[in-house]
Amino acid sequence: MKDFLQSFNLLTEDEIETFITMVETCDLERGEYFIRDGNICNVVAYIESGILRSFYTTPKGEEMTYCISFQNSFMTAYSSFITGLPTMENVQAITPVRLLLLQKKDIDKISETSTNWLKFTKLMAEKEYLELEKRVFSYQRESAKERYENLLLTRPQYIEQIPLKYLASYLGITPRHLSRLRAEMI
């Protein structure tokens, strides 16, 4: 995590050390939840290892995976975190996961005392927005095959760890369609 924070060239060593002292660790087994629908999210997680998926449940009871988060990234139920209202999403471990957690009150506290932290949190919010925009555009402009190929290019080491049904849902296709895509690419 320290290397990740240093990579932005925004925070001083003291600010990073202060941040690290506020962090709690949390280990999740495969299938365990970090965040559940209906709860208020007051924490941000840094994924030290493992894979998380974000999903919602449709009125028909289907789980729709809309985000998969990997090692060395931050995760939260962002709208709940900002508004203080219950979330409509679930965040679940796909693999065993180790999270480093920081409470909202602590983020608010360090942001009040450091303009560098304000810049960092702004940068993270912008990064999340850009990822969301990229995802929306990929659904509008790319075929399922192109979205799968892009995932193979950017996250090849993780593809085999993601169950087919979650990967298919993330790509916006059925597991059967994903199986056909995979067979075509061999």
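In this text the structure is predicted, and so the values were computed from the model without any measurement. For every chain, the first residue of its written sequence is number 1, and the numbers climb from 1 along that sequence. Only residues with pLDDT of 70 or above have their local features reported here, since the model is predicted, and side-chain atom pairs are shown and tallied only from 80 upward, although totals for entire chains, interfaces and linings are computed over all residues. Think of the side-chain values as coming from all heavy atoms in the structure, minus any hydrogens and water.

### Quick notes on the layout of surface pockets
Point 1. Note on definitions: the grid is 1 Å and covers protein atoms alone; a cavity is a set of points where a 1.4 Å probe fits but cannot get out; a pocket is an open set with protein on both sides within 12 Å along at least five of seven lines; lining residues have an atom within 4 Å of a point. Grid points are joined across faces, edges and corners, and a volume is the space filled by probe spheres set on the points. Here the second largest pocket defines a volume of roughly 170 Å³.
Point 2. Lining the second largest pocket are R53, E63, M64, T65, K165, Y166, A168, S169, G172, I173, T174 and P175.
Point 3. Of all the secondary-structure elements, those providing two or more residues to the lining of the second largest pocket are β5 (63–69) and α8 (164–171).
Point 4. Charged means Asp, Glu, Lys or Arg here, nonpolar means Ala, Val, Leu, Ile, Met, Phe, Trp, Tyr, Cys or Pro, and polar covers whatever is left, Gly included. Here the residues of the lining of the second largest pocket sort into five nonpolar, four polar and three charged. A run of DSSP states H or I qualifies as a helix once it reaches four residues; a run of E qualifies as a strand once it reaches two. Both are numbered from the N-terminal end.

### Notes on the state of the cysteines
Point 1. Only a pair of cysteine sulfur atoms within 2.5 Å counts as a disulfide in this structure description. This structure, assessed with the given rule, holds zero disulfides.
Point 2. No disulfide involves C26; its nearest neighbouring cysteine sulfur is the one of C41, lying 12 Å away.
Point 3. Given a relative accessible area of 21%, C26 falls into the partly exposed group.
Point 4. With no disulfide partner, C67 has as its closest neighbouring cysteine sulfur the one in C41, 13 Å distant.
Point 5. Exposure is judged per residue with a 1.4 Å probe applied to protein chains only, and the accessible area is read against the type maximum: over 50% gives exposed, under 20% gives buried, and values in between give partly exposed. Taking the relative accessible area as the measure of exposure, C67 reaches 25% and is therefore partly exposed.

So far we have only geometry, and geometry alone does not tell us how the molecule works.
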